There are 2 protein chains.
Amino acid sequence: MRAAILSIGSELTSGQTVNTNAAYLARRLQEAGVACARHLAVPDEAPVIVDAVRETLAGHHLVILTGGLGPTFDDVTASALAQATNRPLRFVPEVGRRVRLFYRAHHRRLNRLALRQASLPRGAQALPNPVGTAPGIWLELNGPAGGYHRTLVALPGVPREMRAIMERSVLPRLRRMAGRSSIATRTLRTVGLVELQIQEALRAVRIPRVMQVGLYPNLLAVDVRLTVTGGSLPSARRHLNRVERALRHHLGEAIYGQDDQTLEDVIGKTLTRNRLTLAVAESCTGGLVSDHLTDVPGSSRYLIMSVVAYHNRVKQELLGVPEATLKRYGAVSAQVASAMARGVRRCAGSDLGLAITGIAGPGGGTPRKPVGLVYMAVSDRRGTVVKRYQFHGDRLAIKSQAAQLALDLLRRHAANT
Amino acid sequence: MRAAILSIGSELTSGQTVNTNAAYLARRLQEAGVACARHLAVPDEAPVIVDAVRETLAGHHLVILTGGLGPTFDDVTASALAQATNRPLRFVPEVGRRVRLFYRAHHRRLNRLALRQASLPRGAQALPNPVGTAPGIWLELNGPAGGYHRTLVALPGVPREMRAIMERSVLPRLRRMAGRSSIATRTLRTVGLVELQIQEALRAVRIPRVMQVGLYPNLLAVDVRLTVTGGSLPSARRHLNRVERALRHHLGEAIYGQDDQTLEDVIGKTLTRNRLTLAVAESCTGGLVSDHLTDVPGSSRYLIMSVVAYHNRVKQELLGVPEATLKRYGAVSAQVASAMARGVRRCAGSDLGLAITGIAGPGGGTPRKPVGLVYMAVSDRRGTVVKRYQFHGDRLAIKSQAAQLALDLLRRHAANT
């Protein structure tokens, strides 16, 4: 089954909004055994949508469309769909009733325009929206003389609503349609290596013909994605297991997890398993490390506290970094990173202390301490380890890279504690 | 000039990576006076790329392509381009020399594969890559008998390299090609209102025919994007100014900024202008508010410190929240939010204290205090203001919404301080 994702929205084609919906949909499709062959995004102009719907329907068995189903004037998808498929819009009383109920339940006055959302192309099924008013649309289309069969699914563009309808109504149907899938994928996630280093490792591994390998760098983390097409699922799994073993042999600890696992997930598991608690002192990362750590449900069990010590006074008074150390070595130094890690650990009474200090820029750099210079330290009862890095890029890129490697430092340290 | 963005990469079509490159390119194209009519993403398989290049070239004057130009085995774009345009690849010694120089400058051993990047389609110009090895490709194409003229630009998929080549080489040429542009856009950014409330306001405003209005919600922030096509730039500006004034009249303080301005930018400007300092105590947002605040260059001038007080002990010992208050009202309460805001302000000696406490979930909710319940408070020498919110969604959505409204609370308070 060939699928395409069609995203409707001028906010997408103009670049105002990043198309996160398409990535989510593609991932969920793949997990349901449906490979996505293209993403197309077009502005919310009715004639353009009509053409785009016809074009994608011609080349794909399944088209998932998002956007333009809401109640406002710039929501023109339903009527464009009607035109593209020659299925005039019909008011569906059952959907109208649900729209009214939603407004009542949320103590909001029913907007007359909201009822527009209850008009669907003839023959379409409404997919209930558990978190909003615009229903999803499921439409089965048959070509002349049964020449082809197509499925068109339209979902709202609001990510929360799109996801809710996808999970509840669309995926169960697609899984049934896809039957036993021959697609198996595995992603090995690495941190701290560059793309070419991973490619060197790959060269030493025999990759079977049925497997594709893709490398996906994100700053200082590279994902290695293995995809097997064709064959049976057990044979695909055997291939994946063999290649994974070989890559783990070559890449070692640089592989921190797989598939959806994040660095903070792995850290959370390790800290929980080893019953360790943590405190963090951030300077140049400004809270980003703590934000990542607290994305993990249950992180309150091991993260005692975190301090963004932007001001030297905070480094001194709260974290106990000696004034002399700050004066002698400067706030961005191995000595201050160590003292911050020890200090935050002492202050929180935690097993581990993690600290980051650096120059995120664009200002504040000097020839001896340029923008992008970052020291990070991890401290426990056995002592303190410090690392020095020189990152490149703008302020946000430096914050992100520093956060990636600080989490990695913590991960490696916690695993060996 | 009609432009299309063509993104190459199986990591995009499979959803592993979100296509941030396309959004960046579209924004920069629009600023250069080039409207982007579609985004297309396809997997990195040579025959698919060949078809996609031909297809987008047929319907657009300008095609900007990204991805698959690197040195590794899955980088097949250059040869696909050669095939799609009937321009065989030629090794360009000058580019080869730059690749060698780059490796030498970065003290890395020259990988033989890296030299593949010096082979370009016949007639193509190489666009220097200041931060990596893969050059950009600029290719002018003429149809049979001068029937049409097309420009094809190919850039690496690594965002940093793509952006560097775009800024340095592509945009200056495109600006010259686009000449005086008739496109003017303005985005008014709001926070705290839902889409339909903004639409009510829009109904009271006369929108000229040449203007399109788009609403782009992101959780609790909605951007109102005004676009004028056609006419002269001064007349477009007059239209934009008139509609902006009318919307400001109706939406008032809910409009926090415009175009690329973020809430944290606006807060930074206000705090700097009013010479105010700030300290933050976060619980359920876990560092996200501080991360946003420190995305602003120079934020170290007003942000003294920030504490992620995940553990009650930290709320008591560091922020001075009385144990009795915690016991009586619970950590998620108006009383504790107030005490945290006052406490962090006192601890940091700052003018303002901002605090957030809530239940991000998925666990930890009770019937009386469900997941998504968040209290936030801002404190200054005049007193403390507390707000209570009930958010919906998953852990990350609750963190994000709480951060949006906490920043908004701070923005409104700082503006009136």
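What counts, and at which threshold
Along each chain, residues carry numbers from 1 onward, in the same order as the chain's sequence is written. Throughout, the order in which chains and ligands are written sets their labels, letters from A for the former and numbers from 1 for the latter. Only residues with pLDDT of at least 70 are given local features in this predicted model, and only at 80 or more are side-chain atom pairs given and counted; all residues enter the totals for whole chains, interfaces and linings. Hydrogens and water are ignored here; the side-chain numbers use all heavy atoms of the structure. By the convention used here, residues are in contact when the closest approach between their heavy atoms is within 4.5 Å. Accessible area that two parts lose when put together, with a 1.4 Å probe and added across both, is what the buried area reports. Any carboxyl oxygen of Asp or Glu that lies within 4 Å of a side-chain nitrogen of Lys or Arg is treated as forming a salt bridge with it. Any pair of nitrogen or oxygen atoms within 3.5 Å is treated as a polar contact; in protein, a donor-acceptor pairing is required on top of that, and neighbouring residues in sequence qualify only through side-chain atoms on both sides. Working definition: helices are DSSP H or I runs of at least four residues, strands are E runs of at least two. Numbering for both runs from the N terminus. Criterion used throughout: strands pair if DSSP finds at least two bridges between them. When the copies are superposed, the least-squares fit draws on C-alpha atoms of residues that have pLDDT of at least 70 in both. Exposed residues in this analysis have more than 50% of their type's maximum accessible area, buried residues have under 20%, and partly exposed residues fall in between, with area computed by a 1.4 Å probe over protein chains only. Residue ranges labeled as domains rest on an automatic or database domain assignment. Both site types are read off a 1 Å grid over the protein atoms alone. A 1.4 Å probe that fits but cannot get out defines a cavity, while an open set with protein on both sides within 12 Å along at least five of seven lines defines a pocket; lining residues have an atom within 4 Å of a point. Grid points are joined across faces, edges and corners, and a volume is the space filled by probe spheres set on the points. Axis lines are fitted through C-alpha atoms, for helices just across the contact stretch, and the angle between N-to-C directions can take any value from 0 to 180 degrees.

Let us now look at the interface of chain B and chain A. Contacts between the two partners involve 78 residues from chain B, matched on the other side by 78 residues from chain A. Taking both sides of the interface into account, the surface hidden between chain B and chain A amounts to around 6400 Å²; carbon and sulfur atoms contribute 54%. Taken as a group, B:Gln16, B:Tyr216 and B:Tyr310 account for 10% of the area that chain B buries against chain A, more than any other trio of residues on that side. Among the salt bridges present, the one from A:Lys399 reaches B:Asp295, with a minimum N-O distance of 2.6 Å. At the junction of chain B and chain A, the tally comes to 42 residue pairs in polar contact (both at pLDDT 80 or more). Looking at the side of chain B that touches chain A element by element, the count peaks at seven residues for strand β2 (residues 35-42) of chain B. Relative to β2(B), strand β2 (residues 35-42) of chain A runs antiparallel, the two being bridged by three bridges. The residue bridging A:Ala41 from the neighbouring strand is B:His39, located in β2(B).

Laying chain B over chain A is done by rotating through 180° and shifting 0.1 Å along the axis; what remains is an RMSD of 0.2 Å. Here the copies are linked by what is in effect a two-fold axis.

Residue and element names in this part refer to chain B. Buried residues dominate strand β7 (residues 136-142), accounting for five of its seven residues. As defined by bridge partners, strand β6 (residues 125-127) adjoins β7 across three bridges and the pair is classed as antiparallel. Looking at the pairing, Leu-127 lines up with Gly-136 of β7. Sheet topology note: the β7/strand β8 (residues 149-155) ladder contains six bridges and is antiparallel. The partner of Asn-142 across the bridge, within β8, is His-149.

Our focus in this paragraph is helix α4 (residues 77-85) of chain A. Residues and elements named next belong to chain A. α4 sits mainly inside the fold: seven of its nine residues count as buried. Buried within α4 are the following residues: Thr-77, Ala-78, Ala-80, Leu-81, Ala-82, Ala-84 and Thr-85. Once α4 ends, the next one or two residues include Asn-86, with phi positive near 55°.

With that out of the way, let us pick up the domain arrangement of chain A. It is common to report an interface's size as the accessible area lost on association of the parts. Domain assignment breaks chain A into domain 1 (2-178), domain 2 (184-258) and domain 3 (263-415). The distance between the C-alpha centroids of domain 1 of chain A and domain 2 of chain A comes to 35 Å.

Okay, empty space enclosed by the protein next. A full pass over the atoms with the stated rule returns one cavity of 30 Å³ or more. Its volume calculated, the largest cavity comes out at about 160 Å³. Together, 16 residues line the largest cavity, and A:Asn19, A:His39, B:Asn19, B:Ala22 and B:His39 are the ones closest to its centre. Looking at the lining of the largest cavity, the elements that each hand over two or more residues are α2 (20-31) and β2 of chain A together with α2 (20-31) and β2 of chain B.

Looking now at the sheet that holds strand β12 (residues 255-258) of chain A. Picture the strands of a sheet paired through backbone hydrogen bonds; they go either parallel or antiparallel. Residues and elements named next belong to chain A. The sheet built from four strands is open, its strands ordered β10-β11-β9-β12 with antiparallel pairing. Two strands close off the open sheet at either side, each with one partner strand: β10 (211-218) and β12. Going from strand to strand, the sheet's axes swing by 20° on average, the running direction of each strand aside. Strand direction decides the pairing type here: β10 and strand β11 (residues 221-228), joined by eight bridges, are antiparallel. By the bridge assignment, Gly-214 is partnered in β11 with Arg-225. Running at roughly 160° to β10, helix α7 (residues 195-203) makes contact with β9 (184-191), β10 and β11 of the sheet.

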